[in-house]
Amino acid sequence: MIQSISELTGKTKVLGIIGDPISHSLSPLMQNAALRALGLDYIYVPFRVRPEELSTALLGLQSLNVAGFNVTIPHKTAVVGLVDGLSREAELIGAVNTVTREGAHLIGHNTDAIGFLSAITEGMGFDPAGASVLLLGAGGAARAALVALAQAGIENITIANRTQSTAENLLSLLKHAGSRASGSHTSLAAVCADRALLGSFDLVVNTTSVGMGGTAFANFDVTWLKPGARIYDMVYVPSETPLLQAARAAGIKAMNGASMLAAQGESAFRLWIGCDPPPGLMLERVLSALAALS
Ligand code: ATR
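Here the structure is a predicted model, which is why all the values come from computation and not from measurement.

**What about the overall build of the protein?**
Move 1: Counting its regular elements, the protein contains eleven helices and 13 strands.
Move 2: Relative to the 2.2 N^0.38 estimate, which gives 19 Å for 294 residues, the radius of gyration of the protein is 19 Å and therefore close to what a compact globule would have.
Move 3: Principal-axis analysis of the C-alpha atoms places the extent of the protein at approximately 65 × 35 × 30 Å.
Move 4: Residues classed as buried in the protein amount to 49% of the 294 residues present.
Move 5: The contacts of the protein with a sequence gap of at least 6 include a subset with a gap of at least 24, amounting to 69%.
Move 6: Carbon together with sulfur atoms contributes 54% to the accessible area of the protein, which is approximately 13200 Å² in total.
Move 7: The centroid of the 19 positive side-chain charges in the protein is displaced by 1 Å from the centroid of its 22 negative side-chain charges.

**Thoughts on the pattern of salt bridges**
Move 1: Taken as a whole and judged by the stated rule, the model has five salt bridges.
Move 2: Taking the shortest distance from any N to any O, the salt bridge between Lys226 and Asp202 comes out at 2.7 Å. Here Lys226 is found in the loop between strand S11 (210-213) and strand S12 (230-233), whereas its partner Asp202 is found in the loop between helix H8 (195-198) and strand S10 (203-206), with 24 residues between them in sequence.
Move 3: With relative accessibility at 30%, the residue Lys226 sits in the partly exposed group.
Move 4: Notably, a salt bridge pairs Asp276 with Arg270, separated by 2.6 Å at the nearest N-O pair.
Move 5: A relative accessible area of 51% places Asp276 in the exposed class.

**Here we look at the site of the ligand**
Move 1: Neighbouring residues of the ligand: 13 residues in total, closest Ala138, Ala141, Asn161, Arg162 and Thr163.
Move 2: At a separation of 3.0 Å, an oxygen atom of the ligand approaches a polar backbone atom of Gly140.
Move 3: Within the side chain of Arg162, one N or O atom sits 2.9 Å away from an oxygen atom of the ligand.

**Focus on the pairing of strand S3 (residues 68-71)**
Move 1: By the alternation rule, side chains of S3 split into Gly68 and Asn70 and Phe69 and Val71, which are all buried.
Move 2: The pairing of strand S1 (residues 13-19) with S3 spans four bridges and is classified as parallel. In the sheet register, Ile17 faces S3, and the bridge partner there is Asn70.
Move 3: Pairing of S3 with strand S5 (residues 98-102) involves three bridges; the strand directions are antiparallel. Among the inter-strand pairings, Asn70 is bridged to a residue of S5, identified as Thr98.

**What about the packing of aromatic side chains?**
Move 1: Taken as a whole and assessed by the stated rule, the structure comprises three aromatic pairs.
Move 2: Aromatic side chains Tyr44 and Trp272 sit 6.0 Å apart centroid to centroid with 50 degrees between the ring planes, which places their arrangement in the tilted category. Here Tyr44 is found in strand S2 (residues 42-48), whereas its partner Trp272 is found in helix H10 (residues 258-273), with 228 residues between them in sequence. For the pair shown, Tyr44 and Trp272 are each scored as buried.
Move 3: Taken together, a centroid distance of 5.8 Å and an interplanar angle of 75 degrees make the contact between Phe116 and Tyr232 edge-to-face.

**Comments concerning the side chain of Asn97**
Move 1: One can find Asn97 in the loop between helix H3 (88-93) and S5.
Move 2: Only 2.7 Å separates the side chain of Asn97 from the backbone nitrogen of Thr111, close enough to count as a polar contact.
Move 3: Residues in contact with Asn97, not counting those within four places in the same chain, are Phe69, Asn70, Val71, Lys76, His109, Asn110, Thr111, Asp112 and Gln264.

**Some thoughts on unusual backbone geometry**
Move 1: The step from Asp20 to Pro21 runs through a cis peptide bond, and the omega angle for that step is 5 degrees.
Move 2: Within the secondary structure layout, Pro21 lies in the loop between S1 and helix H1 (27-37).
Move 3: Geometrically, the link from Val237 to Pro238 is a cis peptide bond, its omega value of 5 degrees lying close to zero.
Move 4: Secondary-structure assignment places Pro238 in the loop between S12 and helix H9 (242-249).
Move 5: In this structure, Asn65 is a non-glycine residue whose phi angle is positive, near 60 degrees.
Move 6: Assignment of secondary structure puts Asn65 in the loop between helix H2 (54-63) and S3.

**Let's talk about the domain arrangement of the protein**
Move 1: When its domains are assigned, the protein resolves into domain 1 (5-110 + 261-293) and domain 2 (113-256).
Move 2: For domain 1 versus domain 2, the separation of C-alpha centres amounts to 27 Å.
Move 3: In this assembly, twelve residues from domain 1 lie in contact with 15 residues from domain 2.
Move 4: Of the roughly 1100 Å² buried between domain 1 and domain 2, counting both surfaces, carbon and sulfur atoms make up 63%.
Move 5: Per-residue buried area on domain 1 facing domain 2 is highest for Leu92, Ile93 and Leu290; these three make up 47% of the total on that side.

**Describing the sheet that holds S1**
Move 1: Ordered by their spatial adjacency, six strands build an open sheet running S2-S1-S3-S5-S6-S4, and the pairing between neighbours is mixed. For this open sheet the edge positions go to S2 and strand S4 (85-86), each flanked by a neighbour on one side alone.
Move 2: Where H2 meets the sheet, its contacts fall on S1, S2, S3, S5 and strand S6 (105-109), and the angle it forms with S1 comes to roughly 175 degrees.
Move 3: Sitting on the sheet, H10 is in contact with S1, S2, S3, S5 and S6, with an inclination near 5 degrees to S5.

Criteria and thresholds
- Residues numbered from 1 in each chain as written.
- Predicted model: local features only at pLDDT ≥ 70, side-chain atom pairs only at ≥ 80, totals over all residues.
- Heavy atoms only, no water.
- Helix = DSSP H or I, 4+ residues; strand = E, 2+ residues; numbered from the N terminus.
- Rg over C-alpha atoms; globule rule 2.2 N^0.38 Å.
- Buried < 20%, exposed > 50% of the residue type's maximum accessible area, 1.4 Å probe, protein only.
- Contact = heavy atoms within 4.5 Å.
- Areas by Shrake-Rupley, 256 points an atom, 1.4 Å probe, with all protein chains shown as cover.
- Lys, Arg positive; Asp, Glu negative; His and termini not counted.
- Charge placed at Lys NZ, Arg CZ, Asp CG, Glu CD.
- Salt bridge = Lys/Arg side-chain N within 4 Å of Asp/Glu carboxyl O.
- Near = heavy atom within 4 Å.
- Polar contact = N/O pair within 3.5 Å; in protein donor to acceptor, adjacent residues only side chain to side chain.
- Pairing = 2+ DSSP bridges.
- Phe/Tyr/Trp six-rings, centres within 6.5 Å; stacked < 30°, edge-to-face > 60°.
- Domains from an automatic or database assignment.
- Buried area = accessible area lost by both parts, 1.4 Å probe.
- Axes fitted to C-alpha atoms, helices over the stretch in contact; angles between N-to-C directions.

Right, here's the structure in full:
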């Protein structure tokens, strides 16, 4: 990685991220820190790409010989139909967050699933095998979490979502992911009102935007969770959502989404570079950037 702009040469390889908006992205910070720490002649650049320009942007990235790139909101689903091949996870999830190049071909991957799995296993010491999980939400992030949990051998999943049809669709992914776990869907209100049901979960995962800007789930009583249950909240701004505050007050082991953000980045780095980034460095950079925001 380049220490200063004067070190950019004709040999420097370019990585990047496409999204709209892109100025808030923490990926350039954490990826460039890892590239620099390993002394690699790469640079990672943010590109704002409007939805109507997505297909021409992909052609442009190919023509410019960009070595690989991340994909973020709102392009993760659209990129699926624009690449030449997909990893199994990207195909199952129906979304791409990382693109690699194999010769002239662009291959779409999804490292959100492995990033989530690493966040709950390594970050929180949670073993998903045989677990009962409550998944809050059924959008793109929930799809990645469900595929990760299904592949990690959970026994049971309840999806609580505002829109039941989306939750029902998501349940069909369990089988496609090769899982024999049982699944059901319900509303957020129903699960919050059912003490026995709430007390049956080993892990609660929030994949919705509830918590951003300090918003809270109405009537979610974390003290109804069973002893030892964990909470993973994918939101990381604010770093402690009302759900996580409640967990801390109740002595429940819980984590925010910063660890998943860093872990999906580490996994993308491995795909592009072929080696591990320095352990903990990406998370450290993400946490200090988030601390500076608050
Ligand atoms: P992402 O890619 O981040 O998962 P998404 O695909 O738009 O984003 O999904 C957002 C999820 O958050 C959905 O499950 C959505 O519920 P609906 O399917 O009913 O739309 C959920 N969500 C968003 N705002 C919410 C709110 N205020 N209360 C409850 N759920 C909410």
